[in-house]
Each structure stands twice: as structure tokens, then as C-alpha cells.
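Below are the chains, spelled out letter by letter.
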Amino acid sequence: MDKLDAALTEMGIEHTYDHEYMDGTQIVVREDGKYRWDAICTPYSYGWKEGLLEVMGKPLLGQGGVMGYRTAEDVLRMLKGGKNHAEP
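Residues numbered from 1 in each chain as written. Predicted model: local features only at pLDDT ≥ 70, side-chain atom pairs only at ≥ 80, totals over all residues. Heavy atoms only, no water.

Caption draft 1: Spatial organisation of the nonpolar core. One finds M1, L4, I27, W37, V55, L60 and V75 to be the most contacted residues of the largest nonpolar core, which totals 19 residues. Contributing elements (two or more residues each) for this core: α1 (2-11), β2 (24-31), β3 (34-41), β4 (53-56), α2 (58-61) and α3 (72-80). Broken down by element, the residue count for this core peaks at four residues, all from α3. Not counting residues within four places of it along the chain, the set of residues in contact with I27 comprises M1, L4, D5, L8, H15, T16, Y17, W37, D38 and A39. (Core = buried A, V, L, I, M, F, W, Y, C linked by side-chain atoms within 4.5 Å. Buried < 20%, exposed > 50% of the residue type's maximum accessible area, 1.4 Å probe, protein only. Helix = DSSP H or I, 4+ residues; strand = E, 2+ residues; numbered from the N terminus. Contact = heavy atoms within 4.5 Å.)

Below is the structure:
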């Protein structure tokens with residue numbers, strides 16, 4: 001999550017980083033104050049045991065579901081719309 005936070009900060013993307021979200025962490029990305037997408041790593045998220053992220057939000061996934069077992073690099077590729085966009 002720290003890698004994702006650093007990359008979003010470097011890219012100038014508006015976000016908050018909650019270090020105490022449900023016994024884990026959460027990054028929420030907003031645009032003009034409106035929710036866009038988020039990433040979590042909690043004991044209740046897909047990928048927690050492996051130290052991986054779960055993401056949610058239409059801008060990343062193209063739909064309203066969630067996708068787990070993502071690295072920070074995976075999330076950044078999804079954000080940039082790379083060829084692995086929204087692929088498990």
C-alpha cells in the first residue's frame with residue numbers, strides 16, 4: 001500500500017491513506033471531491049494473507065465489483081489502462 005500511496009502522490013492524484021481502516025489500510029481516490037475508486041488491505045480483503053490489495057471502482061474495473069490479489073504495480077497498470085486492465 002505504501003508503494004501505491006507514493007506513486008499516486010508522485011502522479012498528483014488526489015487521495016487519502018487511512019492506516020487504521022478495519023485493522024488494515026485503505027486508499028481512497030477522489031476527483032473533485034467525488035469518490036472514484038479505492039484499494040484496501042485488511043483481514044477481510046482478498047489477498048490480505050499474501051500482503052496483496054483488493055480494489056473497487058468502475059474507473060479501474062469497468063464495472064462495480066471488486067478484484068483482489070493485486071500488487072501496487074497491478075493497480076497502477078489498471079489506472080493507466082494498460083493491456084492488463086481489469087484482468088485477473
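Back to the write-up after that little detour.
Caption draft 2: Main features of the pattern of salt bridges. In the structure shown here, the tally under the stated rule is three salt bridges. The partner of K3 in a salt bridge is E73, and the shortest N-O contact between them spans 3.9 Å. You can see K3 sitting in helix α1 and its partner E73 sitting in helix α3, a full 70 residues away along the chain. Judged by its relative accessible area of 58%, K3 falls in the exposed class. (Salt bridge = Lys/Arg side-chain N within 4 Å of Asp/Glu carboxyl O.)

Caption draft 3: Layout of the sheet that holds β3. Reading across the sheet, the five strands line up as β1-β2-β3-β4-β5 and stay open at both edges, with antiparallel pairing between neighbours. Edge positions in the open sheet fall to β1 (15-21) and β5 (66-70), since each of these has one partner strand only. In this sheet, adjacent strand axes meet at a mean angle of 20° when their direction is disregarded. Relative to β2, β1 runs antiparallel, the two sharing five bridges. Opposite T16, over in β2, you have V28 as the bridge partner. Contacting β1, β2, β3 and β4, α1 runs over the sheet at an angle of about 160° to β1. Against the sheet, α3 makes contact with β3, β4 and β5, and its axis sits at roughly 135° relative to β5, the strand it touches most. (Pairing = 2+ DSSP bridges. Axes fitted to C-alpha atoms, helices over the stretch in contact; angles between N-to-C directions.)

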